[in-house]
Amino acid sequence: MAKNLMAKTGHLSRFILRLDRIRIPLWLFGLSFFTIIVPIAFRDLYGSQQERDAMAETMANPAMTAMVGPGDLTNYTVGAMTTHQMLLMTAAIVGLMSILLVTRHTRADEEDGRIEMVRSLPAGRLSYLNASLIVISGTSIALALIIGFGLYALGIESMDLGGSLLYGAALGGTGLVFAGVTAVFAQLSENARGTIGMSIAVLLIAYLFRAITDVSNETLSWLSPLGWVTKTEAYTSNNWGPILLMVLVTFVLFIAANYLNAVRDLERGFLPSKPGRSYASRYLQSPLGLASRLQRTGIIAWAIGLFVLGASYGSIFGDLESFFDGNDMYEQMLVQVEGFSIVDQFIPMLIIVMSLASTIPALMAINKLRGEEKKGRLEQLLGRSVSRTQLMGAYLMIAVFNGLVMLSLSAIGLWSSGNTVMEEGLSFGMVYGATMAYFPAMLVMIGISVVLIGFLPRMTNFNWIYVLYSFLVLYLGGLFQFDDWVGKLSPFGHIANAPIETVTFMPLFVLTILAVGLMIIGFIGFNKRDIEG
Amino acid sequence: MSMVKITNLTKKFGKFTALDRVNLEVNSGEIFGFIGPNGAGKSTTIRVLLGILKATDGSVKIFEKDAWDDAVEIHKRVAYVPGDVNLWPNLTGGEVIDLFVKLRGTNNKSRREELINRFDLDPTKKCRTYSKGNRQKVALIAAFSSDADLYILDEPTSGLDPLMEQVFQECVMDIKKQGKSVLLSSHILSEVEKLCDKVAIIREGSIIETGTLNELRHLTRTQILVETKQKITSLEKVKGVHEVEGTDQGLLFQVDTNELDNVMKHISSFGILKLESAPPTLETLFMRHYEGKATSVDSGVGGAN
Ligand SMILES: Nc1ncnc2c1ncn2[C@@H]1O[C@H](COP(=O)(O)OP(=O)(O)O)[C@@H](O)[C@H]1O
Ligand SMILES: [Mg+2]
């Protein structure tokens, strides 16, 4: 019986591996490459212990702990520094990889009706699920080994074999845990969007929960899977306990997914999907209405997420103030800008993260146009009396409005919680203005998507790489001491770091003009090209 | 020997009853037609048969094994073509055919090539570029090139052009010659009439008729188009006459096949100028059940002008 449930799992694993023969190596290469160049850069940039200790001191505050997690700042070797600065962030990206890869071969294949065919073959009921779990487990293990041995091969003194393997295992383990989380949501939700959305929500909550508890109560961080990542303390105390925990939790989640899969009907979920309306509401009967209806749930989820992100960051301002209060040495060291508080100095960094995070739903909103095209749904609209300009205009309007709302909500979140926890309160105008300064940069990103959709529809997703680039150079630019122009290649690099720097009119104006120009070009392209499936 | 035996199958989705005590039997060597309107429950029945859905109640057997518990064993000898064929967009048609055939465990290279030619499929194209018809061809080729004992085909020709429909029918006849069984769900009645030995009609989750085509023809009506010298009166009152309708060509109506004699006697008294009769088709039977109750049109006009 058990054998029959799993029949042909091996065949199907090889099959899935073939389907992802480019995707998986690309993820593995990207993650390993970025992980392995970091210690090389650190060794070159922060060669002496003195330089590293100076860096450690700028890191020793609650705001940094919330962002990157705790680390061993007393013995800040290249290894310890890599773990502290990079491990958590990389783990979050590995989690995202798992979520996307697992959804692809569980709920997405099922929703698109491909599993039905497989189930009619002499393959077991649970074979396809387990085949995709085997593939993601293999990917995670490969990642752990490549990174583990890769880091060790650098031959950096503080990076011994045990620590390197643990570093890799922490990343691979995170991949496994989120594979389990996604596999369970793939059973609960009836569609791929829901599966991805809920799994990412878990990832985000795990990150934020850890941010807050790492600052306030480190023991509570054990409740977050991302908390386990930093608890490994790779290259310092090399604690393998969290890895064991990750494997155990993964095992439990895999079993749960199998159980849920076994007791449900194909193409059904457990979360209630209430029957919809039988008539289209008045507001649905236009391209704009339809486009916004299709994205409603996603927009609401992102709005909540960004507010929480802002609020979580704001909530540490109180700790930050009291941490620096009366600590003259730190105040000296952080090169105080005249007239600005310590909180003011952290705000720009937080706002960069918030504005880039707000760009994600805005780009998703415009890229949805391409998604609908790929599914062959645009033809039906264009076949009626809807012009291409109208159609693209509807998606563009939603994207722009979406970005504006997301940016505002993150600012409001940051302000409202910061204002509550700080003794002297926080100026709303300052926070809101500093955040909104990024809106023109966001418009440029939307504009780039419009151009891609207009001229190079198959390349639409490449805009995400530009977002990732912007994030890396702006967020990590200071750490890696990049030249100025590296940051200026991103529209976000042209925005002044308010409140420390003054926001001037010119760059915002130029960016806005650029964005509008890109959008016009994109519209021209979209009106000229073939609509393709 | 019975290949498929469904006894009192009930399937519920939550509170909604999709199938209500369905009984059905396909014997060895039979081509069994399964017809019914959209949403009647054809695909649901087939998916229960394949162990894709679990029956809420009743027993479902293929080759005298349980469709749910022994699914893997059963599927080694079953080939399936779903109504809505969905494939992996990044694979070519040829790759998908090989995958399906290989997973099923039988392999017939020469037949694969022959079928690809007959169905005129380009197996080197990526599935994302295939139309519905071409995706259906992929599933049909995969099914017909494997050595199964039972073929379950769910509206397999809904996307094929008439030429390809012809090829499909030839393939089914080939299988029949080899003594294999087919369960063919369809709403293309001419196809079912041409191919099937037995038919079951399903509507709103219940089987409403089942039997051989000849048995079912007794229940059908003959369609008559008649033009007479005098206007025909009170035709609706004659037993067995239905759906009287005045047209430019004359009076169009339907007659229960077993009342034909009486009706002809009645209209011949009005002086027949022209008489056309259409043979009883499954179509009329089908329509009768579709509509629920027969609607008689209230028009007594007719006769020559
Ligand atoms: N997964 C499901 N959940 C809820 N209802 C379903 C599901 N699948 C089918 N149904 C319902 O069951 C009925 C029968 O559907 P189906 O078997 O697909 O019909 P057919 O193939 O005869 O057109 C329909 O009313 C359909 O809406
Ligand atoms: Mg159907």
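As the structure is a prediction and not an experimental result, all values here were calculated from the model. All residue numbers refer to positions counted from 1 along the written sequence of the respective chain. The order in which chains are written sets their letters, starting at A; the order in which ligands are written sets their numbers, starting at 1. Local features in this predicted model are restricted to residues of pLDDT 70 or higher, and side-chain atom pairs are both shown and tallied only at a pLDDT of 80 or more, whereas totals for entire chains, interfaces and linings draw on every residue. Only hydrogens and water are set aside; all other atoms, that is, all heavy atoms of the structure, feed into the side-chain values.

Chemist: Even after reading the chapter, I still don't get the interface of chain B and chain A, so can you show me in this structure?
Modeler: The parts lose accessible area when they come together, and the size of an interface is often stated as this lost area. When checking whether two residues touch, look at their non-hydrogen atoms; a contact exists if any pair is within 4.5 Å. Of the residues lining the interface, 29 residues belong to chain B; the matching set on chain A comes to 30 residues. Two parts placed together each lose some accessible area; with a 1.4 Å probe, that loss summed over both constitutes the buried area. Both faces considered, chain B and chain A share a buried interface measuring about 2,900 Å² in area, 59% of it formed by carbon and sulfur atoms. In terms of surface lost to chain A, no three residues of chain B exceed V72(B), W88(B) and L103(B), which account for 25% of the buried area on that side. Between K11(B) and D265(A) there is a salt bridge; the shortest N-O distance is 2.4 Å. Whenever two N or O atoms come within 3.5 Å, that pair is a polar contact, provided that in protein one can donate a hydrogen and the other can accept it, and provided that, for residues adjacent in sequence, both atoms are side-chain atoms. Joining chain B to chain A, the criterion identifies 15 residue pairs in polar contact (both at pLDDT 80 or more). Among the elements of the structure, β1 (2-13), α2 (71-75) and α3 (93-104) of chain B are those that each provide at least two residues to the side of chain B that touches chain A. Strands here mean DSSP runs of E at least two residues long; helices mean DSSP runs of H or I at least four residues long; both are numbered from the N terminus. In terms of residue count, the dominant contributor to the side of chain B that touches chain A is α3(B) (six residues). Three categories are distinguished: nonpolar for Ala, Val, Leu, Ile, Met, Phe, Trp, Tyr, Cys and Pro, charged for Asp, Glu, Lys and Arg, and polar for the others, with Gly belonging to the last. Its residues assigned to classes, the side of chain B that touches chain A shows 16 nonpolar, five polar and eight charged. Just to be clear on terms, a salt bridge is a Lys or Arg side-chain nitrogen sitting within 4 Å of an Asp or Glu carboxyl oxygen.

Chemist: What am I meant to see in unusual backbone geometry here?
Modeler: Glycine aside, a negative phi is what most residues show, and trans is what most peptide bonds show. Note that the residue after A498(A), namely P499(A), is joined by a cis bond; omega there is 5 degrees. Examined against the element boundaries, P499(A) turns out to sit in the loop between α22 (484-488) and α23 (505-528). Although it is not a glycine, N8(B) sits at a positive phi angle of roughly 50 degrees. By the element assignment, N8(B) lies in strand β1. A positive phi angle, near 45 degrees, is found at E204(B), a position not held by glycine. Mapping E204(B) onto the fold places it in the loop between β9 (198-203) and β10 (206-212). Only protein chains enter the accessibility calculation, which uses a 1.4 Å probe; a residue whose area is less than 20% of its type maximum is buried, one above 50% is exposed, and one in between is partly exposed. Residue class for E204(B) comes out exposed when judged on its relative accessible area of 63%.

Chemist: Whenever I open this one, the site of ligand 1 confuses me. Can you help?
Modeler: Taken together, R268(A), F13(B), F16(B), A18(B), P37(B), N38(B), G39(B), A40(B), G41(B), K42(B), S43(B) and T44(B) make up all the residues around ligand 1. In the environment of ligand 1, an oxygen atom lies 2.9 Å from a nitrogen or oxygen atom belonging to the backbone of G41(B). Within the side chain of S43(B), one N or O atom sits 2.7 Å away from an oxygen atom of ligand 1. Note that accessible areas follow from Shrake-Rupley with a 1.4 Å probe, and for residues the cover is restricted to the protein chains shown. For ligand 1, the accessible surface in isolation is 560 Å², of which the surrounding protein chains cover 67%. Elements that contribute at least two residues to the shell around ligand 1 include exactly β2 (16-27) and α1 (42-49) of chain B. At three residues, the largest contribution of residues to the shell around ligand 1 is made by α1(B). Summary of the distance rule: residues count as near a molecule or strand when at least one heavy atom falls within 4 Å of that molecule or strand.

Chemist: Looking at this structure, I do not really get the sheet that holds strand β6 (residues 78-81) of chain B. What am I missing?
Modeler: Hydrogen bonds along the backbone pair up the strands of a sheet, which may run parallel or antiparallel. Residues and elements named next belong to chain B. As summarised here, the arrangement of the six strands in space is β6-β7-β8-β3-β9-β10, forming an open sheet in which the pairing is mixed. What marks the edges here is a single partner per strand, and that holds for β6 and β10. Between one strand axis and the next, the sheet turns by 15 degrees as a mean value, whatever way the strands run. Only strands that DSSP links by at least two bridges are regarded as paired with each other. Where β6 meets strand β7 (residues 150-154), four bridges bridge the pair, whose relative direction is parallel. Looking across to β7, one finds that Y80 is bridged to I152. In this analysis an axis means a line fitted to C-alpha atoms, helices contributing only their contacting stretch, and an angle means the value between N-to-C directions, from 0 to 180 degrees.

Chemist: Got a minute to help me understand the side chain of T228(B) in this structure?
Modeler: All names here are of chain B. Positionally, T228 belongs in strand β11 (residues 221-228). Residue classification places T228 among the buried residues on the basis of a relative accessible area of 0%. A polar contact of 2.7 Å, which involves the side chain of T228, links it to the backbone oxygen of Q230.

Chemist: Would you explain the nonpolar core in this entry?
Modeler: Within soluble globular proteins, side chains that are nonpolar tend to cluster in buried spots. Side-chain atoms within 4.5 Å are what join buried Ala, Val, Leu, Ile, Met, Phe, Trp, Tyr and Cys residues into a set we call a nonpolar core. Within the largest apolar cluster, 227 residues are counted, with the highest numbers of intra-cluster contacts made by F317(A), I446(A) and F144(B). A total of 16 residues in this core trace back to one element, the largest contributor, which is helix α16 (residues 342-374) of chain A.

Chemist: Mind showing me how you'd approach the sheet that holds β11(B) here?
Modeler: Residue and element names in this part refer to chain B. Judged by pairing direction, the sheet is antiparallel, and its four strands sit side by side in the order β12-β13-β11-β14 without closing on themselves. The strands lining the two open edges of the sheet, one partner per strand, are β12 (241-247) and β14 (272-278). In this sheet, adjacent strand axes meet at a mean angle of 20 degrees when their direction is disregarded. The pairing of β11 with β14 spans six bridges and is antiparallel. Paired with Q223 across the two strands is A278, which belongs to β14.

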